[in-house]
Structure formats: C-alpha cells, structure tokens
Amino acid sequence: PRTHLQIMSRAKLRYISQLASAYGCIARLGFSPVVTGRYTAQNAFIRENMNNVQGEGPQELTFTYSDAVVAKGAVTGVTFGSPNFTTPLKVVIPIVSNNEAVCNAEEDDEIIVGLYNDEEKQAVVTPAGLYNRGNVGESIEIDVPSRWQGSKVYIYGFVRRIKDGNISTSNSVYIGFGTIG
C-alpha cells in the first residue's frame, strides 16, 4: 500500500499539472526563454509553483494564486496600477511606471498581462507585441469571454524582450484579483 506521503506527492503533482495546463497560454510566453528540447513551459510552471500547492489530504489541496510564478527572468519589470473591472467583460490595468531608469530596460520591451479564471480553469493573455514600455501612462485592456461574467480572476504581468532572435523575460508580478463585470 502507498504511504500518505506518496499519495500526497502524486495528488500534488496531478493538481499542479492541471493548473499548468490551464495557465498554458501565459506560461508559454513567460517561460519561453527556458524551453529547450523536452523541457516545456508546463515543466517550468510545475517546477516554480509546486510549493504553492498546500493541503493535508489529496481532496483538500489549495493553490496560493498570489504567489504563482508565470514568468522568470532577469529583465526589469514594469509597475502596474490597480485593475479596474467596471467595464463589462473587460479588465483595464494601468501601466504606472516603465522603470526605464533601470539599466537594462528598453522602450520596446513587450508588456504581457495574463488573467486566470479558476472557475473555468482557463486563462487569457494580451497578444504579444500589443503593449510595450513606451505605453507608460496608458492602460492595458483585456477582453474576456462572456461566460466569465461574475467570475473571479487572478492577474499577472511581466515584460518580455525579443532581441537578435533571443527571448528573455522579467519575473512575473501578481497584479491582483477581481470579479468580471
């Protein structure tokens, strides 16, 4: 018979694997620099977030969404304002500071924002290249599926740089959560 530790280990891996799949569109952009050969963005998500799965028994597992890591890298990030949920089926997030004064910030670095809906087990992400550091003072607008109305979403942001065919990212930041209007 399996020990409690073995049962918990398998349950946690199954739980985080399902989350990695649901966060897929965000993780593919956030972990793209580390994807090589058989090591996927899903593998990176699992490795970075396994410790965020907690619980005493296999049916009691929870995930700490505010600690989720959806991107990891050395590029300097940006500062986001509080998300706004007043427009129906849309989330608006201001770009407060592009941190251009930091030594490795470049104006054409892409700003990526992803939303995760745990109820639907689905994520949406801003299209790559739509926003960059040059958009400071503006807001990122993300449309969400109509079935998300009334659902709670968790929001993450990071910066992605593509230069000379190489991709690098910043560490992700947890922007916050809210309910879709």
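Please refer to the structure placed before this passage.
Below, the structure is looked at part by part. Please read all numbers here as calculations on a predicted model, not as lab measurements.

## Regarding the side chain of Lys90
- Along the chain, the position of Lys90 falls in strand S4 (residues 90-97).
- Within the structure, the side chain of Lys90 is placed 3.0 Å from the side chain of Asp143, a separation counted as a polar contact.

## Quick look at the packing of aromatic side chains
- Per the stated rule, a full pass over the model turns up eight aromatic pairs.
- With centroids separated by 6.4 Å and ring planes inclined at 45°, the aromatic side chains of Tyr154 and Phe177 adopt a geometry described as tilted. Of this pair, Tyr154 sits in strand S8 (residues 152-163) while Phe177 sits in strand S10 (residues 173-179), and the two are 23 residues apart along the sequence.
- Of the residues examined, Tyr154 reaches a relative accessible area of 11% and is grouped as buried.
- Lying across the ring of Phe177, Lys152 places its NZ or CZ 4.4 Å from the centre.

## Remarks on the nonpolar core
- Of all hydrophobic cores here, the largest spans 29 residues; its most connected members are Leu19, Tyr23, Phe45, Phe63, Tyr65, Tyr116 and Tyr156.
- Taken together, the elements giving at least two residues each to this core come down to helix H1 (4-22), helix H2 (24-30), helix H3 (41-49), strand S5 (110-117) and S8.
- In terms of residue count, the dominant contributor to this core is H1 (six residues).
- Setting aside residues no more than four positions away along its own chain, Phe45 makes contact with Ile16, Leu19, Ala20, Tyr23, Ala27, Phe31, Phe63, Val69 and Val70.
- Counting 21 residues, the second-largest nonpolar core is a separate cluster that includes Phe85, Ile111, Leu115 and Ile155.

## Quick word on the packing of H1 against H3
- Put simply, H1 and H3 touch, their axes get as near as 9 Å, and they point 130° apart. With respect to their mutual orientation, H1 and H3 come out oblique. Here the hand of the crossing between H1 and H3 comes out right-handed. Residues Leu13, Ile16, Ser17, Leu19, Ala20 and Ser21 of H1 form the contact with H3, whose participating residues are Gln42, Phe45, Ile46 and Asn49.

Definitions and cut-offs
- Residues numbered from 1 in each chain as written.
- Predicted model: local features only at pLDDT ≥ 70, side-chain atom pairs only at ≥ 80, totals over all residues.
- Heavy atoms only, no water.
- Helix = DSSP H or I, 4+ residues; strand = E, 2+ residues; numbered from the N terminus.
- Polar contact = N/O pair within 3.5 Å; in protein donor to acceptor, adjacent residues only side chain to side chain.
- Phe/Tyr/Trp six-rings, centres within 6.5 Å; stacked < 30°, edge-to-face > 60°.
- Buried < 20%, exposed > 50% of the residue type's maximum accessible area, 1.4 Å probe, protein only.
- Lys NZ or Arg CZ within 6 Å of the ring centre and 35° of its normal.
- Core = buried A, V, L, I, M, F, W, Y, C linked by side-chain atoms within 4.5 Å.
- Contact = heavy atoms within 4.5 Å.
- Axes fitted to C-alpha atoms, helices over the stretch in contact; angles between N-to-C directions.
- Parallel < 35°, antiparallel > 145°, perpendicular 65-115°, else oblique.
- Left-handed = near helix turned anticlockwise from the far one by under 90°.

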